[in-house]
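Letter by letter, the chains look like this.
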Amino acid sequence: GDVYKRQGVDAATLRRIGEALTRIPEGINVHRKIRKLLDDFGAAVRGDGPLQWADAERLAFGSLLLEGTGVRLSGEDSRRGTFSQRHAVLYDQVTGEPYIPLCNLSPNQGQFCVYDSALAEASVLAFDYGYSLGDPDRLIMWEAQFGDFANGAQVIFDQFIASGMSKWGRMSGIVMLLPHGYEGQGPEHSNGWLRRHLTMCAEDNIQVVNCTTPAQYFHLLRRQVRRRFRRPLVVMTPKSLLRHPRCVSTLSDLTHGHFMELLDDPAPPDNPRRVLFCSGKVFYDLLAKREEMGAHDVAIVRVEQLYPIHEQLWEIIGGRYVGTPEWAWVSEEPSNYGAYGFAASQMATLHDGPIWYVGRARAASPATGSHALHRRQQERILYSALQPGRLEPDIIEGVAVYTRGNDLWHLKSKSHHLASPSPSAP
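Report on the accompanying structure. (Residues numbered from 1 in each chain as written. Predicted model: local features only at pLDDT ≥ 70, side-chain atom pairs only at ≥ 80, totals over all residues. Heavy atoms only, no water.)

Let's shift gears to the overall build of the protein. For the protein, the helix and strand inventory stands at 14 helices and 16 strands. Computed over the C-alpha atoms, the radius of gyration of the protein is 22 Å, within 12% of the 22 Å expected from 2.2 N^0.38 for a compact globule of 426 residues. On the principal axes, the C-alpha backbone points of the protein span a range of 70 × 50 × 45 Å. Counting over 426 residues, the protein shows a buried share of 58%. Long-range contacts, defined as pairs at least 24 residues apart, comprise 78% of the intrachain contacts of the protein with a sequence gap of at least 6. Separation between the mean location of the 46 positive side-chain charges and that of the 47 negative ones in the protein comes to 1 Å. (Helix = DSSP H or I, 4+ residues; strand = E, 2+ residues; numbered from the N terminus. Rg over C-alpha atoms; globule rule 2.2 N^0.38 Å. Buried < 20%, exposed > 50% of the residue type's maximum accessible area, 1.4 Å probe, protein only. Contact = heavy atoms within 4.5 Å. Lys, Arg positive; Asp, Glu negative; His and termini not counted. Charge placed at Lys NZ, Arg CZ, Asp CG, Glu CD.)

Where a protein is soluble and globular, its nonpolar side chains tend to be buried together. Residues Leu59, Phe157, Leu286 and Trp329 are the most contacted members of the largest nonpolar core, which totals 118 residues. Looking at this core, the element that brings in the most residues is helix 3 (residues 53–66), giving 7 residues. Residues within four places of Trp329 in sequence aside, it is in contact with Phe277, Cys278, Ser279, Val303, Leu306, Ala339, Tyr340, Ala343, Met347, Trp356, Tyr357 and Val358. Judged by nonpolar contacts, the second largest core, of 6 residues, contains Ile24, Val30, Leu38 and Leu90. (Core = buried A, V, L, I, M, F, W, Y, C linked by side-chain atoms within 4.5 Å.)

On to the pattern of salt bridges, then. Per the stated rule, a full pass over the model turns up 22 salt bridges. In this structure, Arg138 and Asp135 form a salt bridge, with 2.8 Å as the shortest nitrogen-oxygen distance. By relative accessible area, Arg138 is classed as buried at 14%. With relative accessibility at 23%, the residue Asp135 sits in the partly exposed group. With a closest N to O distance of 2.5 Å, Lys281 and Glu332 form a salt bridge. Linking Lys281 in the loop between strand 10 (274–278) and helix 10 (282–293) with Glu332 in strand 13 (residues 326–334), this pair joins segments that are 51 residues apart in sequence. We classify Lys281 as buried; its relative accessible area is 12%. Connected through salt bridges with shared partners, the residues Glu57, Arg86 and Glu143 form a single ionic network. (Salt bridge = Lys/Arg side-chain N within 4 Å of Asp/Glu carboxyl O.)

So, about the side chain of Thr237. In this structure, Thr237 sits in strand 8 (residues 233–237). With a relative accessible area of 6%, Thr237 lands in the buried category.

We now examine the sheet that holds strand 5 (residues 139–143). As summarised here, the arrangement of the 7 strands in space is 4-1-5-6-8-7-12, forming an open sheet in which the pairing is mixed. Edge strands, defined here as strands with exactly one partner in the open sheet, are strand 4 (112–116) and strand 12 (305–307). Here the average twist between neighbouring strands, direction ignored, is 20 degrees. Relative to strand 6 (residues 175–179), strand 5 runs parallel, the two sharing 3 bridges. Directly across from Glu143, in strand 6, lies its bridge partner Leu177. Of the strands in this sheet, strand 5, strand 6, strand 7 (207–209), strand 8 and strand 12 are in contact with helix 8 (residues 214–226), which crosses strand 5 at around 125 degrees. (Pairing = 2+ DSSP bridges. Axes fitted to C-alpha atoms, helices over the stretch in contact; angles between N-to-C directions.)

Between its first and last C-alpha atoms helix 13 (residues 371–386) spans 23 Å; for 16 residues at 1.5 Å apiece the expected length is 22 Å, and the two agree. For helix 13, the complete set of buried residues consists of His374, Gln377, Gln378, Ile381, Leu382, Ser384, Ala385 and Leu386. Structurally, helix 13 contributes buried residues whose contacts are with strand 10, helix 10, strand 11 (298–303), strand 13, strand 14 (355–360) and strand 16 (399–403). (Expected span 1.5 Å × (residues − 1).)

A cis amide bond links Tyr307 with the next residue in sequence, Pro308, at an omega value of -5 degrees. With respect to the helices, strands and loops of the structure, Pro308 is situated in the loop between strand 12 and helix 11 (311–319). Of note, Ser84 is a non-glycine position whose phi angle comes to about 55 degrees, a positive value. Looking at where Ser84 falls in the secondary structure, it is placed in the loop between strand 1 (71–75) and strand 2 (90–91). In this model, Glu397 sits at a positive phi of 50 degrees, which is unusual for a non-glycine residue. Of note, Glu397 is situated in the loop between strand 15 (394–396) and strand 16.

The next subject is the environment of Arg230. Along the chain, the position of Arg230 falls in the loop between helix 8 and strand 8. Separated by 59 residues in sequence, Arg230 and Met171 have C-alpha atoms that sit 5.5 Å apart. Beyond its immediate sequence surroundings of up to four residues, Arg230 is in contact with Pro136, Asp137, Met171, Ser172, Gly173, Gln224 and Val225. From its side chain, Arg230 meets the backbone oxygen of Pro136 in a polar contact 2.7 Å long. Of note is the side chain of Arg230, whose polar atom sits 3.2 Å from the backbone oxygen of Val225. (Polar contact = N/O pair within 3.5 Å; in protein donor to acceptor, adjacent residues only side chain to side chain.)

Residues Gln154, Ile156, Phe157 and Ile161 constitute the buried set of helix 5 (residues 154–161). Along the axis of helix 5, the buried positions cluster into a sector of 165 degrees, meaning they face one direction only. Taken together, the buried residues of helix 5 touch helix 4 (121–134), strand 5, helix 6 (164–168), strand 6, helix 7 (194–199) and strand 8. (Arc of directions from axis to C-beta.)

Okay, the environment of Gly323 next. When you line up the elements, Gly323 lands in the loop between helix 11 and strand 13. Remark: the alpha-carbon pair of Gly323 and Leu178, spanning 145 residues in sequence, is separated by 37 Å.

Consider a sheet: its strands pair through backbone hydrogen bonds, and that pairing is either parallel or antiparallel. Pairing in this open sheet of 7 strands is mixed, and the strands run 9-11-10-13-14-16-15 from one edge to the other. Of all the strands in the sheet, just strand 9 (262–263) and strand 15 have a single pairing partner and so form its edges. Where strand 10 and strand 11 come together, 5 bridges link them in parallel fashion. Pairing of Phe277 across the sheet is with Val301, part of strand 11.

And the structure:
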């Protein structure tokens, strides 16, 4: 019955947007690689083919603009996209003149603004937060070039965004796009500080989302401004999933349905021996590993919205696994950087047994600086989550498997001395 749940866009409108975005005026010399991306996008929209993350985003923007809703996006590299995926502004390869397709949909469309902002996160986010208070009917987004860039704006999250409604009764619909996902790129490019944002969640003050399909992102952006209220939205946006062959949606996924806070296993086993809960990119890694290992008696559930908690949907999907003996949270992030503590508390309301953790052990740094070690850890996480037999507490190469109450929770290795030296240690 919620109004935002009826926010699919009809196919004719989406095709009209696709046509407008791929129609480049004569005399504008677009780079040949960009031209091919536009051609592929146009073909996918016309033929109900696979749409990638950036395709769904531009269709969400376009649909809002045609409905008269303004869209504003700022960030260090937002015009091109941090990972060269958005291409909201096209440049003539001869003259350097810019052309913005989203500004050329219709004579009476909403205003579209996209800015490459200064590398001064606190001031830019503060400005956009103020903008969202002054213009609540516009979709207003701030994008960190990498998720960890939110570090530089943390005072704005703490003092204004998370607490503004409680302190001053001010609602904001600002969206913060934080690229996040463990790709072996090192500490400062892996982490969007997911756990830090979850610690700020209370009284339905903010929304924290880590969605896994372009359609989910499409519906999420539209929901943000079609609701009759405003709340800040933190989105852990993907990196490798931007071009992942399995992370695609079709036009029909955008015309029907709505944003789902949880997604059940796409092919749930009849009598699973274990159910894995996860969020974000690691779902696709688990899916591929499950196929490789033939572990089809393990179910995988995606938590797309970590907060606010959709109690009814948790009861519906979680209720399907009441008889499953092992419940586990699988995390790419070290346990003190991810969502385990937050998600496990919710899982425990539905499952009487222990809630297992499978993922990187606690760490002082968000990610390893070694790509080789990263790959070994990622492989061990996947194998441990899907392994035959029962789960057993263990910690190997910085990957931990444990339940609450087990003393492995605070260690980085099996050596207590190395992991937590005594005060008298040199």
